[in-house]
Amino acid sequence: MNEFSASFEIDVEHLHALGVVDPNSPKSMDIFASGQLSSNDRLYFSLWGSKLLSTASFEAKKKIFQEGEDVAVAYFIVSGSLLAVKDNQIERLGPGSVLCLAEGLAGLPAPKTVITVTPVQARIIPLHKVDHMVPNLPHAIRQIIRTTVKRTLALNELPKGVL
């Protein structure tokens, strides 16, 4: 089998060393405002602490997505490690990874089977809510989302009727 490293993972230990252990604590908010965090750290921090997303927990060795299944929710990974498997390719995923958001927005099935390696905490992104919000966004923001989804999925065009 071929194995590929995760393309994105936040160094949670670094955040903890800075004192960021709860996204809503005064100390964490001070660190967020201080400029000590990278843009990726700030994005992770914002999604981790979002009151708009609910939390899901998964035990180790739990299948999150099966390749080819419909995608109704996407997940932002807060902690834990996972494997994404497709054919003979394996990807290691960790904190900061986002599972099936682009596919869900594009109306495409899960591209890989994703399995937890350790216990995982994730934030749930309900795609039906996103689908209702997107048409109300300014045109420029909708175009940015379309372009981002196409780039993420390496598509020239999105399927008819999405985004």
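**Student:** Can you lay out unusual backbone geometry for me, pointing to particular residues and giving the numbers?
**Tutor:** Unlike most non-glycine residues, A154 shows phi in positive territory, near 55°. Examined against the element boundaries, A154 turns out to sit in the segment after α6 (139–153). Positive phi outside glycine occurs at L163, with the angle close to 50°. With respect to the helices and strands, L163 occurs in the segment after α6.

**Student:** Quick one: what's the story with the layout of surface pockets, residue by residue and with numbers?
**Tutor:** Computed from the structure, the largest pocket encloses a volume of approximately 1300 Å³. Lining the largest pocket we find 39 residues, and of these V98, L99, L101, A102 and I125 sit closest to its centre. Where the lining of the largest pocket is concerned, the elements lending two or more residues are α3 (39–48), β5 (82–86), β6 (89–93), β7 (98–99), α4 (101–106), β9 (120–126), α5 (127–133) and α6. Among the elements that make up the lining of the largest pocket, the one with the highest residue count is α6 (5 residues). The residue inventory of the lining of the largest pocket, partitioned by class, reads 26 nonpolar, 8 polar and 5 charged.

**Student:** Just give me the short version of the pattern of salt bridges, but keep the residues and values in it.
**Tutor:** All told, the structure shown has 2 salt bridges when counted by the stated rule. With its nearest N and O atoms 2.9 Å apart, the salt bridge here joins E67 to K86. Residue E67 is found in the loop between β3 (63–65) and β4 (73–79), and its partner K86 is found in strand β5; the two are separated by 19 residues along the sequence. Between E91 and K112 there is a salt bridge, and its shortest N-O distance comes to 2.2 Å. On the criterion of sequence distance, the pair formed by E91 in strand β6 and K112 in the loop between α4 and β8 (113–116) is long-range, its members being 21 residues apart. The buried category is assigned to E91, whose relative accessible area is 17%. Assessed through its relative accessible area of 25%, K112 is described here as partly exposed.

**Student:** Account for the environment of I124, naming residues and giving values.
**Tutor:** The topology assignment puts I124 in strand β9. Taking the C-alpha atoms as reference points, I124 and G68, separated by 56 residues in sequence, lie 20 Å from one another. Beyond its immediate sequence surroundings of up to four residues, I124 is in contact with L53, S54, T55, A56, V73, A74 and Y75.

**Student:** Account for α3, with residues named and values stated.
**Tutor:** Every buried residue belonging to α3 is among D41, Y44, F45 and W48, and all of these are buried. End-on, the buried residues of α3 take up no more than an arc of 100°, which puts them together on one face. Of the surrounding elements, those touching the buried residues of α3 are α1 (12–18), α2 (26–34), β4 and β9.

**Student:** Give a description of the nonpolar core that names residues and reports values.
**Tutor:** Judged by nonpolar contacts, the single largest core of 42 residues is most densely connected at Y44, I64, F65, Y75, L82, L99 and V114. Among the elements that take part in this core, β4 stands out by supplying 5 residues, more than any other. Those residues in contact with L99, other than ones at most four positions away along the chain, are I64, F65, A74, Y75, I77, L82, L93 and V114.

**Student:** Any details on the side chain of S97? Residues and values, ideally.
**Tutor:** Summarising the element assignment, S97 is placed in the loop between β6 and β7. Here G94 takes part through its backbone oxygen, which lies 2.8 Å from a polar atom of the side chain of S97.

Rules used throughout
Residues numbered from 1 in each chain as written. Predicted model: local features only at pLDDT ≥ 70, side-chain atom pairs only at ≥ 80, totals over all residues. Heavy atoms only, no water. Helix = DSSP H or I, 4+ residues; strand = E, 2+ residues; numbered from the N terminus. 1 Å grid on protein atoms, 1.4 Å probe; cavity = no way out; pocket = protein on both sides within 12 Å on 5 of 7 lines; lining within 4 Å. Points joined across faces, edges and corners; volume = space filled by probe spheres on them. Nonpolar A, V, L, I, M, F, W, Y, C, P; charged D, E, K, R; others polar. Salt bridge = Lys/Arg side-chain N within 4 Å of Asp/Glu carboxyl O. Buried < 20%, exposed > 50% of the residue type's maximum accessible area, 1.4 Å probe, protein only. Contact = heavy atoms within 4.5 Å. Arc of directions from axis to C-beta. Core = buried A, V, L, I, M, F, W, Y, C linked by side-chain atoms within 4.5 Å. Polar contact = N/O pair within 3.5 Å; in protein donor to acceptor, adjacent residues only side chain to side chain.

The values reported here are purely geometric and, on their own, carry no functional implication.
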